Structures are given as structure tokens and as C-alpha cells.
Amino acid sequence: MVTPKELKKRYDNGENISQFLREQQGSYTNSRAIIEASYDLQAGTYVRAMSDPQHAQYNKDYTSKIAEVVAGLCQPVSILEAGVGEGTTLSGVLRNLETSVESYGFDLCWSRVAYAQQWMGVKADSPTTLFTGDLFNIPLQESSIDVVYTSHSIEPNGGKEKELLEELYRVTGRYLVLLEPGYELASPEAKKRMEAHGYCRNLPETAKQLGYNVIQHELFPLAANPLNPTAITIIKKANSFSFSKPTPLACPVYKTALVEYPDAMYSPEALAAYPIMQGIPCLREENSITASHFEVLHK
Ligand SMILES: C[S@@+](CC[C@H](N)C(=O)[O-])C[C@H]1O[C@@H](n2cnc3c(N)ncnc32)[C@H](O)[C@@H]1O
């Protein structure tokens, strides 16, 4: 088995880590471990790319278009980017939204969230809350966020579209906006590449099969890579409304409210604590520490 340190060496030598791990695994799909290993090693690259003027301009155009779409749907009280990476998309969207909004972002990879925190200048009293979390077990309460969007984060989780859509829909209050590879709208060459990378497919069809109201699906006018065209899919939640809560953060196992302490988030339902590491709540199921006496002992 390859150790994380060996993987880092391969990454530093320019190797494509997810491809290497897929080959080791002998399949075209990306496991959670493959996604985490490859993206965590890449941490810092999106922030560094922002110092390239051409990339910065692309980011500005991309994020202002997302903000325009969101503002055309509703005036959100809260917004979430699921799979926030280093916050380079979320920060641009927030800059372009004209109203102030409570914002949230989570990612599987701690290192990427840590870069997002630096990039966005997130402090304790900031309107943005960043945390780690898994798209398959989102640590947020039901219908707790007005607008939930993704930007190429469902992408590497090909084959699990149904589970991901159900989970994203659960936390959505009003609209779910997906900016993901447009497999069905792509050229044969692009399709082949998406298949080789284990990318997601058929999001609108899967959403319709789940009975969701897909109000828009088309190619997005901007895409960083012509071989990975972005499609926009907008889903309007039935009985759309959001619950206003002191905090929408939830235990990833029970999806019930968490209580915040200086060094941990506590789940009274799970009798477990989730650590806060360098200001980042680590809210993945596997981060839970059984601590049935936490409340009594934490004075
Ligand atoms: C292509 S990057 C895009 C990042 C960001 N959305 C942006 O627009 O810059 C994909 C991100 O999705 C995250 N991701 C992929 N699968 C995930 C999962 N199952 N749970 C949480 N995050 C995930 C990765 O860690 C990575 O940061």
C-alpha cells in the first residue's frame, strides 16, 4: 500500500494522483479516499492561481454570473457552497451578490478549507462559516439554507449521483443550483475524458427520477476547460422555505443541532464531540469522538 508521504512525493513530481490511485484500485470510479488524497494534496493551488490576471478575470466572470443567477431566483438569507474548495468561487459570488447574506462552505479536505479560511479572511465574527464535511452526510439541518450550490464538487463522485442529489436536496430550503460537468451536452471527446476521470453524469435525469422540479438545465456560458464544459441545473424545492435557526450546523450522523464550545461542536443526540481544528469545525462522521460526559466536564 502506498503511504500518504509517498503519494505526496508523486504529487510533487507532477503525477496525477487520482489517476494513479484509480489505476491501483483498478476502476474508473473515485472512492472518497481517492478524492480526499488527491484534493488535499492540491490545497493552495486555487488560491495561487488567483495571482494570474487571466485566471482572476475568468474567476470574476464565472462568479458574477453565478451571483446573477442566484439573485434572479430569490433574495437569499443564506447560501451554501457544498464542496467549497479554497473559497475562490464562494468569495467571488458573495462579492457580486448585492445583499448581505449568511454564507456557509464545507469541503471533504481540511487543508483546502484552511486555505479558504485564509483567502476569505474568515474570523470568529464573520458572516461566513467554513467547516469540513462530506457531501454524502452533510452536517446541516434539513431545509436550513435558502440557496445551495455546487461548482464541480459532485464532479469526481461519478456513479453516486442519486445519493448526492438526495442529500443536497435535504439541506436546501428553496433552490439547488448545480454547476457540474455537462456530460449529456458535451462533445464525444469531452465525454470520453469525463468517463476516464470518473465524473458525474445525468444529474437532471436523476433529479427528475427523484421527482424533483428541474426548472433549468443548459450549458453555462463559462467553462475553464472546453473538455469539461459546465452545465447549470436548477432545482426548485417543493414547499420551498427555509427554517431560520441560530445555527444550521448539524451532527452528520443524526442531522440534529450541534452545540458550539470553544474547541469542539457537541452533538447531544450522538453524545459525541466533533473537534474544531485551527478554527475549522471538523464535521465528518469519522471525526466524531464519543464523549457522553462532555457537557458535564466542559465547564
Ligand atoms: C474541482 S474542486 C472545486 C472547488 C470549488 N467548488 C471551486 O469552485 O473552486 C472540487 C472540490 O470538491 C470537493 N469534494 C469532492 N467530493 C466531495 C465530497 N464527497 N464531500 C465534500 N467535498 C467534496 C473536493 O475536495 C474539492 O475541493
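Relevant structure appears above.
Computed from a prediction, not measured in an experiment: that's the story for all the values here. (Residues numbered from 1 in each chain as written. Predicted model: local features only at pLDDT ≥ 70, side-chain atom pairs only at ≥ 80, totals over all residues.)

Topic: the overall build of the chain
1) Next: Counting secondary structure elements, the chain contains 11 helices and 12 strands.
2) Next: Taken over C-alpha atoms, the radius of gyration comes to 19 Å for the chain, in line with the 19 Å a tight globule of 299 residues would show.
3) Next: The buried share among the 299 residues of the chain stands at 43%.
4) Next: Intrachain contacts of the chain at a sequence separation of at least 6 include 67% that bridge at least 24 residues. (Helix = DSSP H or I, 4+ residues; strand = E, 2+ residues; numbered from the N terminus. Rg over C-alpha atoms; globule rule 2.2 N^0.38 Å. Buried ≥ 20, exposed ≤ 12 C-beta atoms within 10 Å, placed from the backbone. Contact = placed C-beta atoms within 7 Å.)

Focus on the site of the ligand
1) Next: Near the ligand there are 21 residues, and of these G83, G85, T89, S151 and S153 occur at the shortest range.
2) Next: Elements that contribute at least two residues to the shell around the ligand include exactly α3 (32–41) and α6 (88–96). (Near = placed C-beta within 6 Å.)

Observations regarding the packing of helix α2 (residues 17–25) against α3
1) Next: Following both chains from N to C, one finds α2 and α3 inclined at 155 degrees, their axes separated by 9 Å at the closest point. Comparing their axes, α3 and α2 come out roughly antiparallel. Viewed along their axes, α2 and α3 form a crossing whose handedness is right-handed. Contacts between α2 and α3 involve I17, S18, L21 and R22 on the former and, on the latter, I34, A37, S38 and L41. (Axes fitted to C-alpha atoms, helices over the stretch in contact; angles between N-to-C directions. Parallel < 35°, antiparallel > 145°, perpendicular 65-115°, else oblique. Left-handed = near helix turned anticlockwise from the far one by under 90°.)

Purely geometric stuff here, so don't read any function into it on its own.
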